[in-house]
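Structure assessment
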Amino acid sequence: LAVAHNTTFDPEDVLQALKPYGRRWQHRYLRLLSHSSLGAVSAYSALQVDLVGEFEPHLLHSFLSWLLISGEHADGEHGSDSGDEGSGKVHISLEAALATCRKYGVLDAEALIL
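Counting from 1, residues in each chain are numbered in the order their sequence is written. Local features in this predicted model are restricted to residues whose pLDDT is 70 or higher, and side-chain atom pairs enter the listing and the counts only when it is 80 or higher, whereas totals over whole chains, interfaces and linings include all residues. Here the side-chain values reflect all heavy atoms present in the structure, with hydrogen atoms and water set aside.

Here a salt bridge means any side-chain nitrogen of Lys or Arg lying within 4 Å of a carboxyl oxygen belonging to Asp or Glu. Per the counting criterion, the structure on display carries 5 salt bridges. A salt bridge links Asp-50 to Lys-103; the nearest nitrogen and oxygen atoms lie 3.8 Å apart. Placement of Asp-50 in helix α4 (residues 45–55) and of Lys-103 in helix α6 (residues 94–104) is noted, with a sequence separation of 53 residues between them. With a closest N to O distance of 2.9 Å, Arg-102 and Glu-110 form a salt bridge. Only protein chains enter the accessibility calculation, which uses a 1.4 Å probe; a residue whose area is less than 20% of its type maximum is buried, one above 50% is exposed, and one in between is partly exposed. Relative accessible area serves as the criterion here: at 15%, Glu-110 is assigned to the buried category. Segments assigned H or I by DSSP are reported as helices when at least four residues long, segments assigned E as strands when at least two residues long, and all are numbered from the N terminus.

If you want it as structure tokens, here you go:
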């Protein structure tokens, strides 16, 4: 319901409501939301990278590839158009993504970033 009506149910409020039930529910919500509305989930890219690394490390390489193709990373290497905050473009920090890859031992995703 929260995914289908993401304009009514603010993603930040939903994530806070899911927090007591565990990170797996936050991961599931963000995953479903990303299939429904990229613009609604773009602000949570860093959290989503960490959640994918934790719960689906085998998909982290594909997820990071998709993020890098979908938008720009915060380190500024894919362009420097910084006025895109509300545009639905995905912004990730490559340093944070690299730290997540190392934290969960996802070597193929680490190689993608390097």
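Further remarks concern the nonpolar core. The nonpolar side chains of a soluble globular protein tend to be buried, and buried together. In plain words, nonpolar cores are sets of buried Ala, Val, Leu, Ile, Met, Phe, Trp, Tyr and Cys residues tied together by side-chain atoms within 4.5 Å. Val-49, Leu-60, Leu-64 and Ile-113 are the most contacted members of the largest nonpolar core, which has 15 residues in total. Where this core is concerned, the elements lending two or more residues are α4, α5 (60–70), α6 and α7 (107–113). The biggest single contributor to this core is α5, with 5 residues. Contact criterion: two residues are considered in contact whenever any of their non-hydrogen atoms come within 4.5 Å of each other. Setting aside residues up to four positions removed in sequence, Val-49 forms contacts with Leu-60, Phe-63, Leu-64, Leu-67, Ala-97 and Thr-100. Of all hydrophobic cores here, the second largest spans 12 residues; its members include Leu-33, Ala-40, Tyr-44 and Phe-55.

This brings us to helix α1 (residues 11–18). Along an α-helix, residues three or four apart share an orientation, since each turn contains 3.6 residues. Those residues of α1 lying buried are Pro-11, Val-14, Leu-15 and Leu-18. Down the axis of α1, the buried side of the element spans an arc of 100 degrees, and every buried residue falls inside it. Directions from the helix axis toward the C-beta atoms define the arc.

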